[in-house]
Amino acid sequence: MQITTTVNGTEVTREVEPRVLLVHHLRDDLRLTGTHWGCDTSNCGTCVVLLDGEPVKSCTVLAVMTDGHEVTTVEGLADGATLDPVQQGFMAEHGLQCGFCTPGMLLTARALLDREPHPDEQQIREAISGQICRCTGYATIVRSIQWAADHPADQPADQPADQPAAQPAEAQA
Amino acid sequence: MQIPAAFDYVRAESVGNVLDLLERHGPEARVVAGGHSLLPMMKLRLARPDCLIDINGLAELDFVVEEPGVLRVGALTRHATLLDSALVGRLFPIVHDAERVIADPLVRNRGTIGGSLCQADPAEDLTTVCDVLRADVLITGPAGQRAVPLAEFHRGPYESACEQSELVTEIRFPVVPRSSSAYEKVERRVGDWAVAAAGAAVTLAEDGTVADACIGLTALGLEGVATEAAASLVGRPPSEQAVTEAGRLAAEASDPTEDQRGPVDYKRHLADELTRRVLRRAVQRASTGS
């Protein structure tokens, strides 16, 4: 069936089979491979994207369920060349080791800070408790999110971004 | 890669529309809300519906409303909404206790109270919560609406009183003065199913004795509530001695099975200890009004 979803701010219309999961729609149909596909069983949280601003596991959402809704992937976090504060925080505090869980962690962090701009450590740990970092780099991830809370978006970025492929292929054409 | 088998998908526009669709598509149709129980089962082909009826657009089923003597909660209310609701936390702190340990925040953003109850997993937390709060489940079907006490709603693992042609639309919690409640769960890691859990609701008389109590256990092989354990408290002051006896009776009423989460002795110990803890906390909350 045909669905129209706003992905990273751009309306995208695609024909999808009802059984296609959002994670595969993003990766395979829209070529937004920043959304990582991990355990496939709703456990690891690697595939987290924002659905209408709330973090969800995209391996447990049907793409057809996003018709008429807004999806934000890690590709949509940066504002042009300016990285989101959570991305800057993960750089500043080295909130990653292998990086596989990072896109989901960034999006969960963004949603947390949108809702609670000054979270304490416990709130940060609870927010990311559905996501597994098998490098067990949680301490630096927590510090990265605290860094982002201390450096909100209106402050100038220290680090320029690479040109991110922020939008699905259709929008670029 | 886990992909569900092919199915038809239709987005419902109203409760009436859901009932029409259920009738039209017959026994192989399933209602999907949050989908966090159903979709993993479909990926493993443990469930293989021909048709999914998506009720996520039915805002009419997403509400938390206090009316005299009752809190009405729409079936499509997400776990995250219940956890965020100050009203829910004030009237029924047990709901917040339980919601904090149901899966993880990401799952709670999608999963719904109606879906949890209908899934009827024996280790599901809200069943115990609704049991001890003596909630009613409102079921809407072709013949109209009926209220089913939670004690009669579950017919066994993964089976409920909601027929194929019907939809759970609301859960109603009686609001009782001088009452409070608590829930505690032991899990192996965040988001896991319970090794064991206990819930309790307590009503105090004006003289401070226990006027009413209800105790429920999760994942401990007890169907319904621990009647004798609760009855042992009624009419007595909620002393440590009374709480200890209730814990012992609840553990005796449990019938846990050994599995990868632990042996029988350990689980029975948890039934005892967790019952005592939730009783103490419920009593403390009821007496301080917090």
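These lines cover the structure that appears in this document, whether it is placed above or below. Per chain, the residues get numbers from 1 upward, laid out in the order the sequence is written. Each chain is given a letter, starting from A, and each ligand a number, starting from 1, according to the order in which they appear as written. In view of the model being predicted, local features appear only for residues whose pLDDT reaches at least 70, and side-chain atom pairs are presented and counted only at 80 or more, with totals across whole chains, interfaces and linings using the full set of residues. Just so you know, side-chain values use all the structure's heavy atoms and leave hydrogens and water out.

## Here we look at the layout of surface pockets
In step 1: Looking at the second largest pocket, its volume works out to about 1,200 Å³.
In step 2: In this description a helix means any DSSP run of H or I spanning at least four residues, a strand means any run of E spanning at least two, and both kinds are numbered starting from the N terminus. Elements supplying a minimum of two residues to the lining of the second largest pocket: strand S4 (54-57), helix H3 (102-115) and helix H4 (121-127) of chain A together with strand S1 (8-11), helix H3 (79-84) and helix H6 (105-108) of chain B.
In step 3: In terms of residue count, H4 of chain A provides more of the lining of the second largest pocket than any other element does, five residues in total. Cavity: a set of points on a 1 Å grid over the protein atoms alone where a 1.4 Å probe fits but cannot get out. Pocket: an open set with protein on both sides within 12 Å along at least five of seven lines, its lining residues, like those of a cavity, having an atom within 4 Å of a point. Grid points are joined across faces, edges and corners, and a volume is the space filled by probe spheres set on the points.

## Quick look at the sheet that holds strand S3 (residues 51-54) of chain B
All names here are of chain B.
In step 1: The criterion for strand pairing is that DSSP finds at least two bridges linking the strands in question. One open sheet holds the three strands; their spatial order is S1-S3-S2, and the pairing between them is parallel. A single partner strand is all that each edge strand has here, and the edge strands are S1 and strand S2 (29-32). The sheet shows a mean angle of 25° between the axes of neighbouring strands, direction not considered.
In step 2: Here S1 runs beside S3; their pairing, made up of four bridges, is parallel. Following the sheet pairing, arginine 11 is matched in S3 by aspartate 54.
In step 3: The contact criterion used throughout is that any non-hydrogen atoms of two residues lie within 4.5 Å. Angular values range over 0 to 180 degrees, each being the angle between N-to-C directions of two axes fitted as lines to C-alpha atoms, with helices fitted over their stretch in contact. On the sheet, helix H1 (residues 15-25) packs against S1, S2 and S3 and is oriented at approximately 175° with respect to S3.

## Description of the interface of chain A and chain B
In step 1: Each partner contributes to the interface: chain A provides 31 residues, whereas chain B provides 29 residues.
In step 2: When two parts are put together, the accessible area they lose, computed with a 1.4 Å probe and summed over both, is reported as buried area. For the chain A and chain B pair, buried surface summed over both sides reaches about 2,400 Å², with 61% attributable to carbon and sulfur atoms.
In step 3: By definition, a salt bridge exists where a carboxyl oxygen of Asp or Glu is found within 4 Å of a side-chain nitrogen of Lys or Arg. Run the count over chain A and chain B and you get four salt bridges.
In step 4: Here arginine 115 of chain A ties to aspartate 84 of chain B by a salt bridge, and the two come within 2.8 Å at their closest N and O atoms.
In step 5: Elements represented by at least two residues in the side of chain A that touches chain B include exactly strand S3 (48-51), S4, H3 and H4 of chain A.
In step 6: When residues of the side of chain A that touches chain B are assigned to their parent elements, the largest contribution, four residues, is made by S4 of chain A.
In step 7: The nonpolar class holds Ala, Val, Leu, Ile, Met, Phe, Trp, Tyr, Cys and Pro. Asp, Glu, Lys and Arg form the charged class, and all remaining residues, Gly among them, are polar. A per-class count over the side of chain A that touches chain B returns 14 nonpolar, nine polar and eight charged.

## What about the packing of aromatic side chains?
All names here are of chain B.
In step 1: Under the pairing criterion, centres of Phe, Tyr and Trp rings, with the six-membered ring standing for Trp, must be within 6.5 Å; the plane angle then separates stacked pairs below 30 degrees from edge-to-face pairs above 60, leaving the rest tilted. A complete count under the given rule lists one aromatic pair over all chains for this structure.
In step 2: Seen in terms of ring centroids, phenylalanine 92 and phenylalanine 173 are 5.6 Å apart; in terms of plane orientation they differ by 40°. Their pairing is tilted. Of this pair, phenylalanine 92 sits in the loop between helix H4 (86-91) and helix H5 (93-99) while phenylalanine 173 is found in strand S10 (residues 167-174), placing the two residues 81 residues apart along the sequence.
In step 3: Partly exposed residues are those whose accessible area sits between 20% and 50% of the maximum for their type, while under 20% is buried and over 50% is exposed, using a 1.4 Å probe and protein chains only. Relative accessible area serves as the criterion here: at 4%, phenylalanine 173 is assigned to the buried category.

## So, helix H11 (residues 240-253) of chain B
All names here are of chain B.
In step 1: Expected helix span is given by 1.5 Å per residue-to-residue step, counting one fewer step than there are residues. Under the 1.5 Å per step criterion, the end-to-end length of H11 is 20 Å for 14 residues, consistent within 8% with the ideal 20 Å.
In step 2: Every buried residue of H11 is accounted for by Ala242, Val243, Ala246, Gly247, Leu249, Ala250 and Ala251.
In step 3: Lining the buried residues of H11 we find strand S13 (210-218), helix H10 (227-231) and helix H12 (264-288).

## Focus: the pattern of salt bridges
All names here are of chain B.
In step 1: Counted according to the given criterion, the structure contains 33 salt bridges over all chains.
In step 2: Linking arginine 155 and glutamate 163 is a salt bridge whose minimum nitrogen-to-oxygen distance equals 3.5 Å.
In step 3: Given a relative accessible area of 40%, glutamate 163 falls into the partly exposed group.
In step 4: A cluster of three or more residues bridged by salt bridges with shared partners is formed by Asp97, Arg100, Glu184, Asp272, Glu273, Arg276, Arg277, Arg281 and Arg285.

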